[in-house]
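Listed here are the chains, written in short residue letters.
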Amino acid sequence: MTAHYVCYTADLLLATACIQPEEKTRLQRFVFRDDFNASLIGRLMMRRFVHLATGLAYNEIEFDRDTKGKPFLKNEGVAVDFNVSHQGRYAVLAGLVTTAGTATKCKPTKIGCDVMKIEYGGGKPLDEFFRLMTRNFSEDEWRYIRGRGDEPAQLEAFMRNWCLKESYVKNVGVGITVDLRKISFRLRTDTLASDRVVSDTTLRVNDEPMKSWRFEESLIDRDHCVAVSLENAPDEEDLSGNCFEIIDFKSLVEGHRPLLAIDENYCEGIITKEYKQKAK
């Protein structure tokens, strides 16, 4: 599921009343309005996903964070895994229902996702930008990126590989702090689409094939690619249902029950935050 960022005052008043107190406090720390908006939408998407996936009432849903700061559903008796990402015009959530409280020997499926805007505005020539990013990709990945022909095609290949890496490291919880050259993807399908999921990309870590992983790629629109990483995922022949659904703010908050009172003072403080493009 994907959603555009909230920006209107009435929407802001409602949205900030529909999240947990500690989430509200955490969001207030963002310096820029862009980051606040995207993270707020992400919180609302988490609540919508859990409600639709488990049937829990909105006011019964409770999130907590693990030692690495990743949100998880605290409610007992149901198990879901989800991940949120945002960039450009979209916040994105990928989620699934896992098996809880059974004697199965199957490992639970874990999920990670990332979205990238396919653009470059760094000021330097693209080739110089690639040179500065050399240490973030394997030789095989660079061979694929640089072999894609013109600069737009090379940039798209670069963003796809970066999106895949982000989805993987977010899943395993290590962040972009490891040697990314040891995490090497092989793209077998050159073109992505918004109505089709590509799942034939493969991964090698420290030159070992990661056979228990599946990566699903698609476009949200022509300017945004998205990657979903799944560890221990069951085999699926038809992935057409895994395309992302774009929802607006009205659909996102439909059925929500406010957890907190409307806080005009809080929202007045948020409205004064600058957007990044205005802060340059």
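Residues numbered from 1 in each chain as written. Predicted model: local features only at pLDDT ≥ 70, side-chain atom pairs only at ≥ 80, totals over all residues. Heavy atoms only, no water.

## A few points about the overall build of the protein chain
When helices and strands are tallied, the protein chain shows nine helices and 12 strands. Against the compact-globule benchmark of 19 Å for 280 residues, the protein chain has a radius of gyration of 20 Å, which places it among compact chains. Principal-axis analysis of the C-alpha atoms gives the protein chain an extent of 55 × 55 × 35 Å. The buried share of the protein chain, taken over its 280 residues, is 46%. By sequence separation, contacts in the protein chain at least 24 residues apart represent 65% of the contacts at least 6 residues apart. Summed over all atoms, the accessible surface of the protein chain reaches about 14,900 Å², with 48% contributed by carbon and sulfur. (Helix = DSSP H or I, 4+ residues; strand = E, 2+ residues; numbered from the N terminus. Rg over C-alpha atoms; globule rule 2.2 N^0.38 Å. Buried < 20%, exposed > 50% of the residue type's maximum accessible area, 1.4 Å probe, protein only. Contact = heavy atoms within 4.5 Å. Areas by Shrake-Rupley, 256 points an atom, 1.4 Å probe, with all protein chains shown as cover.)

## A closer look at the sheet that holds strand β7 (residues 183–186)
Across the sheet, three strands lie side by side as β7-β8-β9; this open sheet has antiparallel pairing. The sheet is open, and its two borders are formed by β7 and β9 (208–209), each paired with just one other strand. One ladder, built from two bridges, connects strand β8 (residues 202–205) with β9; its direction is antiparallel. Each bridged residue has a counterpart across the sheet, and for arginine 204 the counterpart in β9 is proline 209. (Pairing = 2+ DSSP bridges.)

## Some remarks on helix α3 (residues 33–54)
Relative to the 32 Å expected for 22 residues at 1.5 Å per residue, α3 spans 32 Å between its end C-alpha atoms, a close match to the ideal helical length. The buried fraction of α3 amounts to 18 of the 22 residues, a majority that puts the element mostly inside the structure. One or two positions beyond α3, positive phi appears at glycine 55, with a value near 85°. (Expected span 1.5 Å × (residues − 1).)

## Description of the UniProt feature "domain: 4'-phosphopantetheinyl transferase N-terminal" (unreviewed entry) in the protein chain
Feature annotation in UniProt places "domain: 4'-phosphopantetheinyl transferase N-terminal" (unreviewed entry) on residues 10–95, given in this structure's numbering. Measuring from the first to the last C-alpha atom of residues 10–95 gives 28 Å, for a span that is 42% helix and 23% strand. (UniProt positions renumbered as here; feature names shortened; annotations may be inferred.)

## Digging into the environment of glutamate 60
Along the polypeptide, glutamate 60 turns up in the loop between α3 and β2 (63–65). In this structure glutamate 60 comes out as partly exposed when scored by relative accessible area, which is 46%. Taking the C-alpha atoms as reference points, glutamate 60 and glutamate 23, separated by 37 residues in sequence, lie 16 Å from one another.

## Some thoughts on the pairing of strand β11 (residues 224–231)
Moving residue by residue along a regular strand, the side chains alternate between the two faces of the sheet. Of all the eight residues making up β11, eight are buried; the element is thus mostly covered by neighbouring parts of the structure. Covered by surrounding structure in β11 are His224, Val226, Val228 and Leu230 together with Cys225, Ala227, Ser229 and Glu231, the residues of both alternating faces. Pairing of strand β6 (residues 110–117) with β11, which is carried by eight bridges, proceeds in the antiparallel orientation. Bridge assignment links methionine 116 to a residue of β11, and that residue is cysteine 225. In terms of strand pairing, strand β10 (residues 213–221) meets β11 through eight bridges, oriented antiparallel. Its bridge partner being in β11, aspartate 221 is matched across the sheet by histidine 224. Linkage of β10 to β11, two consecutive antiparallel strands, is achieved through a turn of two residues.

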